[in-house]
Amino acid sequence: MIDVRLATVSKRFDTSSDAAAVDNVTITIGAGEFFTLLGPSGCGKTTTLRMVAGFYFPTSGHIHFGDDDVTRWSPNKRDTGMVFQNYALFPHMSVAQNVAYGLKVRRVPRADRARRVEEALAQVHLTGYGDRRIDALSGGQQQRVALARALVIRPRTLLLDEPLSNLDAKLREETRTEIRRIQRESGITSLYVTHDQAEAMAMSDRIAVMQSGRVQQVGTPHEVYYTPANAFVARFIGRSNVLSLPVVSARETRVEVRLPGGATLDVGAAVGHRLAEGDTALVSARPEHITIAGPDEESALRGRISHIEFTGMATHLSVDVDGTDVMAAVIDAPVGIQLGDVVGLRLVPERLWVVQP
Ligand code: ADP
Ligand code: MG
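Conventions and cut-offs
- Counting starts from 1 at the beginning of each chain's written sequence and moves along it residue by residue.
- Chain A is the first chain written and ligand 1 is the first ligand written, with later ones labelled in order.
- Totals for whole chains, interfaces and linings use all residues, but because this is a predicted model, local features are given only for residues with pLDDT of at least 70 and pairs of side-chain atoms are given and counted only at 80 or more.
- As a rule here, side-chain values come from all non-hydrogen atoms in the structure, and water together with hydrogens is ignored.
- Numbering goes from the N terminus for both helices and strands, where a helix is a DSSP run of H or I of at least four residues and a strand is a run of E of at least two.
- Polar contacts, as used here, are pairs of N or O atoms within 3.5 Å; protein pairs need one atom able to donate a hydrogen and one able to accept it. Residues neighboring in sequence count only if both atoms are side-chain atoms.
- Contacts: residue pairs with any heavy atoms within 4.5 Å of one another.
- One bridge is not enough; two strands pair if DSSP finds at least two bridges between them.
- To obtain each axis, a line is fitted to C-alpha atoms, and for helices this fit is confined to the stretch in contact; angles are then taken between N-to-C directions over 0 to 180 degrees.
- Here a salt bridge means any side-chain nitrogen of Lys or Arg lying within 4 Å of a carboxyl oxygen belonging to Asp or Glu.
- Buried means the residue's accessible area, taken with a 1.4 Å probe over protein chains only, is under 20% of the maximum for its type, while exposed means over 50%, and partly exposed covers the values in between.
- Only rings of Phe, Tyr and Trp enter the pairing, Trp through its six-membered ring, and a pair is recorded when the two centres are within 6.5 Å. The plane angle decides the type: under 30 degrees is stacked, over 60 is edge-to-face, the rest tilted.
- Charge over a ring is defined by NZ of Lys or CZ of Arg lying within 6 Å of the ring centre and within 35 degrees of the ring normal.
- The split of the chain into domains comes from an automatic or database domain assignment.
- The buried area of a pairing is the accessible area, by a 1.4 Å probe, that goes missing from both parts when the two are put together, added over both.
- For this purpose, a residue is taken to be near a molecule or strand whenever a single non-hydrogen atom of the residue falls within 4 Å of it.
- The method behind every accessible area is Shrake-Rupley, applied with a 1.4 Å probe, and residues are considered shielded solely by the protein chains displayed.
- Any residue outside Ala, Val, Leu, Ile, Met, Phe, Trp, Tyr, Cys, Pro, Asp, Glu, Lys and Arg is labelled polar, Gly included; the first ten of those are nonpolar and the last four are charged.
- When charges are tallied, Lys and Arg are placed among the positive residues and Asp and Glu among the negative ones, while His and the ends of the chain are skipped.
- What is meant by a nonpolar core is a set of buried Ala, Val, Leu, Ile, Met, Phe, Trp, Tyr and Cys residues, joined one to another through side-chain atoms within 4.5 Å.

As recorded by an unreviewed UniProt entry, the chain carries the name Spermidine/putrescine ABC transporter ATP-binding protein and is attributed to Micromonospora inaquosa.

A. Representation of the side chain of Glu 33 within the structure. Take Glu 33: it is sitting in the loop between strand S2 (22-29) and strand S3 (34-38). A polar side-chain atom of Glu 33 sits 2.6 Å from a polar atom in the side chain of Arg 206. Setting aside residues up to four positions removed in sequence, Glu 33 forms contacts with Thr 28, Gln 183, Ile 188, Thr 189, Ser 190, Asp 205 and Arg 206.

B. Representation of the sheet that holds strand S1 (residues 4-11). Spatially, 4 strands are ordered S2-S1-S4-S5 in an open sheet, and the strand pairing comes out antiparallel. Each of the sheet's edge strands pairs with one partner strand only, and the pair in question is S2 and strand S5 (68-69). Of the strand pairs in this sheet, S1 and strand S4 (residues 60-65) are connected by 5 bridges, and their pairing is antiparallel. What sits directly across from Ser 10, in S4, is Ser 60. Where helix H1 (residues 45-53) meets the sheet, it contacts S1, S2 and S4, and its direction lies at approximately 120° from that of S1.

C. Representation of the pattern of salt bridges in the model. The full count for this structure, using the stated rule, is 15 salt bridges. Note that Glu 119 is salt-bridged to Arg 115, the shortest N-O span being 3.2 Å. Of this pair, Glu 119 and Arg 115 both sit in helix H4 (residues 110-123), 4 residues apart, which is roughly one turn of the helix. Its relative accessible area of 40% is what places Glu 119 among the partly exposed residues. For Arg 115, a relative accessible area of 43% puts it in the partly exposed group.

D. Molecular detail of the environment of Phe 34. Structurally, Phe 34 is set in strand S3. Residue Phe 34 is classed as buried on the basis of its relative accessible area of 0%. Measuring from C-alpha to C-alpha, the distance between Phe 34 and Ser 204 comes to 5.4 Å, with 170 residues separating the pair along the chain.

E. Representation of the packing of aromatic side chains within the structure. Considering all chains together, one arrives at 5 aromatic pairs under this definition. On the basis of an interplanar angle of 85° and a centroid distance of 5.2 Å, the ring pair of Tyr 225 and Tyr 226 is categorised as edge-to-face. With relative accessibility at 28%, the residue Tyr 226 sits in the partly exposed group. The ring of Tyr 129 has Arg 132 sitting right over it, with the charged end atom 4.3 Å from the ring centre.

F. A look at the domain arrangement of the chain. Each assigned domain of the chain is listed with its residue range as follows: domain 1 (4-232) and domain 2 (239-355). Contacts between domain 1 and domain 2 engage 8 residues on the former and 9 residues on the latter. Contact between domain 1 and domain 2 buries roughly 690 Å² in total, counting both sides, with carbon and sulfur atoms accounting for 58%. Ranking the residues of domain 1 by area buried against domain 2 places Tyr 225, Tyr 226 and Pro 228 at the top, with a combined share of 66%.

G. Spatial organisation of the site of ligand 1. In the region of ligand 1, the neighbouring residues are Phe 13, Ala 21, Pro 40, Ser 41, Gly 42, Cys 43, Gly 44, Lys 45, Thr 46, Thr 47 and Tyr 56. Measuring from an oxygen atom of ligand 1, one finds a backbone N or O atom of Gly 44 at 3.1 Å. Within the side chain of Lys 45, an N or O atom sits 2.9 Å from an oxygen atom of ligand 1. The fraction of the free accessible surface of ligand 1 (560 Å²) that becomes covered by protein chains is 56%. Residues of the shell around ligand 1, tallied by class, amount to 5 nonpolar, 5 polar and 1 charged.

H. Main features of unusual backbone geometry. Phi at Thr 8 is positive, roughly 40°, even though this residue is not glycine. Secondary-structure assignment places Thr 8 in strand S1. Relative accessible area serves as the criterion here: at 42%, Thr 8 is assigned to the partly exposed category. A positive phi angle is found at Arg 107, which is not glycine, with a value near 60°. Relative to the elements of secondary structure, Arg 107 occurs in the loop between helix H3 (95-105) and H4. By relative accessible area, which is 74% here, Arg 107 ends up exposed.

I. How the structure looks around the side chain of Glu 162. Note on placement: Glu 162 falls in the loop between strand S7 (157-161) and helix H6 (169-186). No salt bridge is formed by the buried Glu 162. Its closest oppositely charged neighbour is Lys 45, at 4.2 Å. Side chain to side chain, Glu 162 and His 195 meet in a polar contact 2.8 Å long. In this structure Glu 162 touches Lys 45, Gln 85, Val 193, Thr 194 and His 195, once residues within four positions along its chain are discounted.

J. Molecular detail of the nonpolar core. Ranked by size, the top nonpolar core spans 33 residues in total, and within it Val 99, Val 145, Leu 147 and Leu 158 carry the most contacts. Listed by contribution, the elements that provide at least two residues to this core are H3, H4, helix H5 (139-151), S7 and H6. Ranked by the residues each element gives to this core, the list is headed by H5, at 6 residues. In this structure, Val 145 is in contact with Leu 89, Val 95, Asn 98, Val 99, Leu 126, Ile 134 and Leu 137, ignoring residues within four places of it in sequence. Judged by nonpolar contacts, the second largest core, of 30 residues, contains Val 255, Leu 265, Val 283 and Ala 285.

Here is the structure:
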């Protein structure tokens with residue numbers, strides 16, 4: 001197992017413009033780690049992955065696989081297994097022929113080839129499918145063939161670019177579990193690309209959240225969810241209210257802010273936040289950490305329900321607090337609450353978090 005390191009990697013396609021598709025990206029993917037690049041369309045995920053694969057060379061910066069500086073290596077020298085959104089299988093060949101392809105190119109002897117194809121098909125739970133035609137398989141099975149084809153060459157790294165995007169919702173969830181199982185069993189260092197935050201959260205050891213070619217935050221799913229670095233990350237991962245609140249006092253990792261009703265609240269903040277009395281703090285509060293207060297309870301915020309949506313697991317509310325829409329989520333909402341009701345809201349202060357703009 002090897003780690004993969006990107007050091008100040010940038011890519012400019014058009015040297016006349018100053019916008020870089022990938023802008024100064026520095027990340028380390030640990031040996032055996034399942035690491036995800038997550039961000040909206042156009043943020044530079046595929047370009048980053050293609051530089052790791054060797055299809056593009058960086059305009060500046062370096063890429064290391066373990067002790068090797070592979071920045072200028074050709075793709076075939078890098079030993080990467082690739083899986084794409086559109087599977088990129090040969091439709092006229094059988095499953096076994098597709099999986100064997102990379103071995104043939106690498107001149108692996110025929111006898112070894114058959115054995116290794118069987119192994120790879122077993123890995124993705126497709127034992128016995130070798131003679132099937134590709135077009136006789138479901139989308140999920142085709143994607144598993146693509147994974148077997150990537151793994152059969154025993155690559156040093158596995159690179160996956162939105163491999164689940166063409167599958168319908170249910171199959172997408174099943175296949176993501178499958179991919180993670182296979183990755184865990186093979187222990188291969190993996191770089192995964194998706195724009196789907198739920199997918200990234202469910203699958204990854206760590207996530208790099210990207211926007212406009214730049215990494216906004218790197219962290220575990222818990223870290224990016226509970227301690228987002230900035231307002232973009234807070235809103236992109238799940239849903240979040242980002243409230244502007246005056247700072248009453250500030251310590252190293254705590255900031256006391258004043259709520260619209262006048263009450264003060266002590267919320268968490270990253271070390272080095274640089275806030276002081278009189279500043280305005282941006283405080284991220286997730287809907288599930290804002291609920292309706294009981295009738296006799298002191299409430300942090302009061303407002304009028306402007307939108308109400310029952311989803312089964314929870315009731316999602318928008319509450320107009322002095323002209324600001326606050327999203328709240330209530331499990332077992334009080335019977336009879338309706339649009340236009342004035343409600344008190346309770347916050348879970350230990351879950352609120354100061355973010356950067
Ligand atoms: P993502 O995979 O996150 O959707 P991409 O890496 O594909 O984003 O694209 C990042 C930016 O680089 C976009 O603005 C895109 O238009 C641009 N881009 C990607 N590939 C090329 C290319 N081959 N030539 C010129 N511009 C490109
Ligand atoms: Mg892409």
